[in-house]
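Read off the chains here:
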Amino acid sequence: MITRPKGTYDIYGKEAKYYNYINAVFQRVAELYNYEYIRTPIFEDSSLFHRSVGETTDIVSKETYDFKDRGDRDITLRPEGTAGVVRSYIENKMYGDVNQPKKFYYSGTMYRYERPQAGRYREFSQIGVEAIGSDSPLMDAEVISLAYRLLEEMGIDNVTVKINSLGDNESRNNYREALIKYLEPHIDNLCSDCKNRYKSNPLRILDCKVDKDSEILKNAPSILDYLNKESKERFDKVIEYLTQLDVDYEIAPNIVRGLDYYNHTVFELVADIEDLGNASTVAAGGRYNNLVGNLEGPETPCVGFASGVDRLMIILDKITKENIDNKVDVYVMAINEEERITALKLVQDLRWCEIKCEMDTLDRGMKAQFKQADRLGARLLVLLNSEDLQKGIMTVKDNLTHEEVKVDENEIIDYIVSNM
Ligand code: HAM
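Parameters at a glance
- Residues numbered from 1 in each chain as written.
- Predicted model: local features only at pLDDT ≥ 70, side-chain atom pairs only at ≥ 80, totals over all residues.
- Heavy atoms only, no water.
- Near = heavy atom within 4 Å.
- Polar contact = N/O pair within 3.5 Å; in protein donor to acceptor, adjacent residues only side chain to side chain.
- Helix = DSSP H or I, 4+ residues; strand = E, 2+ residues; numbered from the N terminus.
- Nonpolar A, V, L, I, M, F, W, Y, C, P; charged D, E, K, R; others polar.
- 1 Å grid on protein atoms, 1.4 Å probe; cavity = no way out; pocket = protein on both sides within 12 Å on 5 of 7 lines; lining within 4 Å.
- Points joined across faces, edges and corners; volume = space filled by probe spheres on them.
- Salt bridge = Lys/Arg side-chain N within 4 Å of Asp/Glu carboxyl O.
- Buried < 20%, exposed > 50% of the residue type's maximum accessible area, 1.4 Å probe, protein only.
- Phe/Tyr/Trp six-rings, centres within 6.5 Å; stacked < 30°, edge-to-face > 60°.
- Lys NZ or Arg CZ within 6 Å of the ring centre and 35° of its normal.
- Pairing = 2+ DSSP bridges.
- Axes fitted to C-alpha atoms, helices over the stretch in contact; angles between N-to-C directions.
- Patch = residues over 30% accessible without salt bridge, like charges linked within 9 Å, V, L, I, M, F, W, Y side chains within 5 Å.
- Areas by Shrake-Rupley, 256 points an atom, 1.4 Å probe, with all protein chains shown as cover.
- Lys, Arg positive; Asp, Glu negative; His and termini not counted.
- Charge placed at Lys NZ, Arg CZ, Asp CG, Glu CD.
- Contact = heavy atoms within 4.5 Å.
- Expected span 1.5 Å × (residues − 1).
- Arc of directions from axis to C-beta.
- Right-handed = clockwise from strand over helix to strand, strands pointing away.

Q: Tell me about the site of the ligand, and name the residues and values.
A: In the region of the ligand, 27 residues are neighbours, and E80, E114, E130, R257 and Y262 sit closest. Here a nitrogen atom of the ligand and a side-chain polar atom of Y261 are 3.0 Å apart. Among the secondary structure elements, those contributing two or more residues to the shell around the ligand are β6 (123-132), β10 (281-287) and β11 (302-308). Counting residues per element, the shell around the ligand draws most heavily on β10, which supplies 6 residues. Here the shell around the ligand is composed, by residue class, of 12 nonpolar, 8 polar and 7 charged.

See the structure below:
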């Protein structure tokens, strides 16, 4: 038997319901905030991710799915959605559009060669937004509140936004120097990954999963003390707007994020749900004002976030009380060919009227059809029999009260619609 590749899984049954539900809520909320749908390729030229996500990040150095295609091109399965959206913005010259900022939402599968565990997969789905072309702190607040609202809409309300600022280039460079100086005498006591990060990307040491509880990191200088005046004022504005919008936030100076393109605001939405561990970060994002310029577009400020659909599915399963199994409204029962043809037409007419219904296609007997109707949770049964059909009537049985009513075949649709 051929089995699925490690770190992937099939979405069906209950999980498929959650998956579709999450995407439907996301689409509705994103459109309310006036974001437009964008779809970019699942694979891109490898250099796009090297130049955006960053050579020294875990994602690019250890986790990408890279291959040569038959034309000897270097291709990478996208590990995230931001780089593709920015590439598309530049390539399609959307900066020339009079309608700015451009606000996009997307949904799709991403690929990272990670160690699979609960809520962490090699193929996973993200929903996300990118607002391209506004440097206003209002835009940061809109994007963060959209993420927050999205989770609230799904009934996930014990969520905290952890927020930090990496400042502009000057603030970040000053902080980098201070951090290197502080860490120098301690570096031998940190994990081997941190030793490498010390040379390549020292800020990443701050959110190391191995050393996160060590006194060394707890006592490290805070980036917020190194923000220059402009960066600090900007961060204060974002915080003020979030307060006005009633978003539950916590300032978290250790959040630096695992992708290189960020500056100024960075944030993570963390759900207070048991057993999720590191997977409790359900959404994350930030501002990335240099990325469009770095990819040879005109300097353009951007902010966005992405949320892990697979993690949201786990949470919805934990918090959902009602049974979300596949239920139908009506089951139409037919035994012989005459009844089957009537049933076939009736279920079609009912479906046109938005009634979810089912009939037998496995040649089941009467008893087995009753059982199947129960399994499907049908509210009403339509019992067809040839004798009744001659007289132009059909029997409708209420599966809760067990009451039966004879209904004229010309009135059957109206009867069912008004009794649902
Ligand atoms: P990220 O933090 O790498 O950011 O991923 C965003 C979210 O995707 C995470 O918070 C998590 O919920 C989910 N996620 C990440 N990796 C996995 C995985 N292996 N399995 C399941 N879920 C996962 C980004 O991707 C940025 N592009 C976000 C962004 C958009 N920043 C600005 N705009």
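So, next bit.
Q: So what's going on with the layout of surface pockets? Which residues, and what values?
A: If you add up the space inside the second largest pocket, you get close to 270 Å³. In terms of lining residues, the second largest pocket is bounded by 17 residues, among which R172, D260, Y261, Y262 and N294 are the most central. Elements with a contribution of two residues or more to the lining of the second largest pocket: α2 (46-52), α6 (169-183) and α10 (291-294). Residue contributions to the lining of the second largest pocket peak at 3 residues, all from α6. Tallied by class, the residues present in the lining of the second largest pocket amount to 4 nonpolar, 9 polar and 4 charged.

Q: Just give me the short version of empty space enclosed by the protein, but keep the residues and values in it.
A: Counted according to the given criterion, the structure contains 1 cavity of 30 Å³ or more. What the largest cavity holds in volume is close to 60 Å³. Here the lining of the largest cavity is built from residues that sort into 5 nonpolar, 1 polar and 4 charged.

Q: How would you explain the pattern of salt bridges if you had to name every residue and give the values?
A: According to the stated counting rule, one finds 31 salt bridges in the structure shown. D69 is the partner of R73 in a salt bridge, and the nearest nitrogen-oxygen pair spans 3.0 Å. D140 serves as the salt-bridge partner of R287, at 2.8 Å between the closest nitrogen and oxygen. Of the two residues, R287 is situated in strand β10 and D140 in helix α5 (residues 137-153); the sequence distance between them amounts to 147 residues. You can call D140 buried: its relative accessible area is 0%. One connected set of salt bridges, linked through shared partners, spans D58, K62, D193, R197 and R204.

Q: Can you lay out the packing of aromatic side chains for me, pointing to particular residues and giving the numbers?
A: Taken as a whole and judged by the stated rule, the model has 8 aromatic pairs. A ring pair is formed by Y261 and Y262, whose centres lie 4.8 Å apart and whose planes are at 65°; its orientation type is edge-to-face. Three or more aromatic residues joined by ring pairs form one cluster here, namely F26, Y37 and Y105. The aromatic ring of Y113 is capped on one face by R122, whose charged end is 3.8 Å from the ring centroid.

Q: I'd like to hear about the sheet that holds strand β2 (residues 43-45), residue by residue, with values.
A: Note: strands within a sheet are paired through backbone hydrogen bonds, in either parallel or antiparallel orientation. Sheet architecture is open: 3 strands sit in the order β2-β4-β3, paired in antiparallel fashion. Across the chains shown, the open sheet's two edge strands, defined by having one partner strand only, are β2 and β3 (65-68). Strand-to-strand twist of the sheet, defined as the mean angle between neighbouring strand axes without regard to direction, takes the value 35°. Bridge count between β2 and strand β4 (residues 74-77): 3 bridges; the pairing is antiparallel. What sits directly across from D45, in β4, is I75.

Q: With reference to specific residues and values, describe a negative patch on the surface.
A: Judged by side-chain charge, D408, E409, E411 and D414 come together as a negatively charged surface patch. Judged by its relative accessible area of 33%, D408 is partly exposed.

Q: An account of the environment of E114 is needed here, citing residue identities and associated values.
A: Here E114 shows up in the loop between β5 (102-111) and β6. When the C-alpha atoms of E114 and S214 are compared, they prove to be 24 Å apart, with 100 residues separating the residues in sequence. In this structure, E114 is in contact with E63, R120, Y121 and R122, ignoring residues within four places of it in sequence. Within the local environment of E114, its side chain forms a polar contact with the side chain of R120, the two groups lying 2.9 Å apart.

Q: So what's going on with helix α1 (residues 13-32)? Which residues, and what values?
A: Because an α-helix packs 3.6 residues into every turn, residues spaced three or four apart end up facing the same way. In this model, α1 (20 residues) spans 29 Å end to end at C-alpha, consistent with the 28 Å of a helix rising 1.5 Å per residue. Three or more residues of α1 are buried, namely Y18, I22, N23, V25, F26, V29 and A30. Seen along its axis, α1 keeps its buried residues to an arc of 165°; they face one direction. Seen from the buried face of α1, the exposed residues on the opposite side, beyond 90 degrees, are N20 and L32. In this structure, the buried residues of α1 make contact with β5, β6, α5 and α11 (309-319). Taken from the residues just after α1, N34 is the one with a positive phi, measuring 70°.

Q: Go over the pairing of strand β12 (residues 330-333) with me, naming the residues and quoting the values.
A: Covered by surrounding structure in β12 are V330 and V332 together with Y331 and M333, the residues of both alternating faces. Once you follow β12 into helix α12 (residues 337-352) and on to strand β13 (residues 357-359), the crossover reads as right-handed. Both β12 and strand β14 (residues 380-383) contribute to a ladder of 4 bridges, which runs parallel. Among the inter-strand pairings, M333 is bridged to a residue of β14, identified as L383.

Q: Help me get a handle on the environment of R122, residues and values and all.
A: Structurally, the position occupied by R122 is in the loop between β5 and β6. In the structure, R122 is positioned 163 residues away from G285 in sequence and 20 Å away in space, judged by C-alpha atoms. Ignoring anything within four residues of it in the chain, the contact list for R122 reads K6, G7, Y65, M110, Y111, R112, Y113, E114 and P116. Polar side-chain contacts of R122 include one of 2.7 Å to the backbone oxygen of E114.

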